[in-house]
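Observations on the three-dimensional arrangement
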Amino acid sequence: MTPVTDTLARLAGTVRDDVGALAAHVLTEIDAGLPDLGRDPRSRELLVGTIEGSLEGALAVIAGGGDPDDAPVPPTATEFARRLAQQGVPVTVVLRAYRLGQAAFQRVLISRIEDAGLGAGEVAAAVGELSTVAFGYVDRISEAMVAVHQAERDGWVRRRDAARLAMVDAVLAGRGGTAAEVERVLGHPVTGEHLAAVFWSDAADPGRALERAVAVVGETLGGGRAPLVVAPDGATLWAWYPGPVGPADPVPDPGEVFVALGTPEHGLDGFRRSHRRARQAQAVAAAADPADRRPVTPAAALGPLVLLGGDVELLASWVRAVLGDLAIDDEAHERLRATVDAYLRSGGSLAGAAAELHLHRNSVQYRLRRAEEVRGRPLAEGRTDVEVALLACRFLGRVVLREG
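Counting of residues starts from 1 at the beginning of each chain's written sequence and follows it residue by residue. Residue-level local features of this predicted model are given only where pLDDT is at least 70; pairs of side-chain atoms are given and counted only at 80 or more, and the full residue set underlies all totals for whole chains, interfaces and linings. Side-chain numbers come from the whole structure's heavy atoms, not from hydrogens or water.

1. Structural notes on the pairing of strand β4 (residues 257-261)
We call a residue buried when its accessible area falls under 20% of the maximum for its residue type, exposed when it is over 50%, and partly exposed in between, using a 1.4 Å probe and counting protein chains only. The secondary structure listing takes helices from DSSP runs of H or I that are at least 4 residues long and strands from runs of E that are at least 2 residues long, numbered from the N terminus. Across the 5 residues that make up β4, a large majority, 5, are buried. Because side chains alternate across β4, one face comprises the buried residues Val 257, Val 259 and Leu 261, and the other comprises Phe 258 and Ala 260, equally buried. Pairing between strands is defined by DSSP: at least two bridges between the two strands are required. Where strand β1 (residues 193-201) meets β4, 5 bridges bridge the pair, whose relative direction is antiparallel. Across the sheet, the residue bridging to Phe 199 is Val 259, located in β4.

2. A word on a negative patch on the surface
Negative charge collects at one region of the surface, where Asp 67, Asp 69, Asp 70 and Glu 143 lie side by side. Among the secondary structure elements, Asp 69 is positioned in the loop between α3 (41-64) and α4 (75-86). Residue classification places Asp 69 among the exposed positions, given a relative accessible area of 54%. Patch definition: residues above 30% relative accessible area lacking any salt bridge, with like charges linked at up to 9 Å and the nonpolar side chains Val, Leu, Ile, Met, Phe, Trp and Tyr linked at up to 5 Å. With residues, only the protein chains shown are counted as cover, and all accessible areas are computed by Shrake-Rupley using a 1.4 Å probe. Should a side-chain nitrogen of Lys or Arg be within 4 Å of a carboxyl oxygen of Asp or Glu, the pair is scored as a salt bridge. His is not counted here, nor are the chain ends, while Lys and Arg score as positive and Asp and Glu score as negative. For the purpose of locating charges, the reference atoms are NZ of Lys, CZ of Arg, CG of Asp and CD of Glu.

3. Describing empty space enclosed by the protein
Only protein atoms enter the 1 Å grid, on which a cavity is a set of points fitting a 1.4 Å probe that cannot get out and a pocket is an open set with protein on both sides within 12 Å along at least 5 of 7 lines, lining residues being those with an atom within 4 Å of a point. Grid points are joined across faces, edges and corners, and a volume is the space filled by probe spheres set on the points. The full count for this structure, using the stated rule, is 1 cavity of 30 Å³ or more. Approximately 240 Å³ is the volume found for the largest cavity. Lining of the largest cavity is provided by 20 residues; of these, Ser 54, Ala 97, Tyr 98, Gly 101 and Gln 102 occupy positions nearest its centre. Of all the secondary structure elements, the ones that give two or more residues to the lining of the largest cavity are α2 (19-33), α3, α4, α5 (91-114) and α6 (120-172). Gly falls in the polar group here, along with every residue not listed as nonpolar (Ala, Val, Leu, Ile, Met, Phe, Trp, Tyr, Cys, Pro) or charged (Asp, Glu, Lys, Arg). For the lining of the largest cavity, the residue count by class is 16 nonpolar, 4 polar and no charged.

4. Re the packing of aromatic side chains
Stacked, edge-to-face and tilted labels apply to pairs of Phe, Tyr and Trp rings (six-membered ring for Trp) whose centres lie within 6.5 Å, assigned for plane angles under 30 degrees, over 60, and everything in between, in that order. Evaluation of the coordinates by the stated rule reveals 2 aromatic pairs. Judged by centre distance (4.3 Å) and plane angle (5°), the rings of Trp 240 and Phe 271 are stacked. With a gap of 31 residues between them, Trp 240 in strand β3 (residues 236-242) and Phe 271 in helix α9 (residues 267-287) connect regions that are remote in the sequence.

5. Regarding the pairing of β3
For β3, a buried count of 7 out of 7 residues is recorded, marking the element as mostly surrounded by other parts of the structure. Neither face of β3 is left uncovered, since the one carrying Thr 236, Trp 238, Trp 240 and Pro 242 and the one carrying Leu 237, Ala 239 and Tyr 241 both have all their residues buried. Relative to β3, β1 is paired through 7 bridges, and the arrangement is antiparallel. Bridge pairing links Phe 199 to Leu 237 in β3. Pairing analysis gives 4 bridges linking strand β2 (residues 228-233) to β3, with the strands arranged antiparallel. Paired with Asp 233 across the strands is Thr 236, a residue of β3. Here β2 hands over to β3 after 2 residues, the two strands then running antiparallel side by side.

6. Some words on the side chain of His 194
With respect to the helices, strands and loops of the structure, His 194 is situated in strand β1. Given a relative accessible area of 0%, His 194 falls into the buried group. Once you skip the residues sitting within four places of it in the chain, His 194 turns out to touch Pro 189, Trp 240, Tyr 241, Gly 243, Thr 263, Pro 264, Glu 265, His 266, Gly 267, Gly 270, Phe 271 and Ser 274. Any two residues whose heavy atoms approach within 4.5 Å are treated as being in contact.

Right, dumping it as structure tokens:
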């Protein structure tokens, strides 16, 4: 009885004599399963070369009885993997193409085995060995393809991100060229409306938490399109959400990440302006005591505090001068500040403040009189200053207060 290995080797030899027809058949099968793969001319050329090279390699292993683990990777296959990575094609598509090709290849070889006049036992043994060799070869080549794809994808993403960050830095500095030139590098529209955001974290490995926070804010804003995101450092992300977007507040607590939001702005100048306001909001948030720091700080809610510029010491001195003993850091004075704040924000309405604080009007009135006594002068005296000082207390907490 002819050994199975000799039978496979002989059949592989006959197929190698007509490998062009087999390659065309495999290409047809891959096209049917993955119609969008290799659509541009260069990718198509590489796909065809990959199929031909892989078939030659598999048939050489079968005909020569070699080890699939020692099979060389066709040069066109590695170039094809790199090109697909650059085009953003997932590695799963690469693996799917190889599995489709393997299935088509095995069907042709099994048909040849069945037509070779072998006994039932020999057919079963030959088919089994064919499957073992084919799977071994495809696993070997697939592993190499995945490694090439991942390395190229990682490198391409780094290069793309570096180019984007360089362009963002240029735009923020007032350079970068026309809107069309900027959009070409960023792959993101800059002529419409934007809402900029800054995300930062003190966590040891904040990468995934930052990415999740970007997604959470995007879902809340409801813009419907992916934001532009760049990473100026390992613990910070800058994002621009294309508009129109919904209300920026409230945004869910993003966990171990802090968020500062700019204001909606238009055009290339708005791209810069919204980011500056987000950075100003970040400066205010970062100036707060860590225990009082809010997870989300919208620039629109800060009023004149966006002009703080990080000089907390000067602001704290001014707040204490405006509020007097109302700036004492304890629960009793916090209740008084909250009452005054609600009263002033409601336009001086006792009913409005009572509804917000869930208190009786008389309780609000009593607290207002008590606040004036603690301050040492009427709340109406320097009312605008009082409102700004209370805004500072609300966002910065104890860093602008004083001990009793």
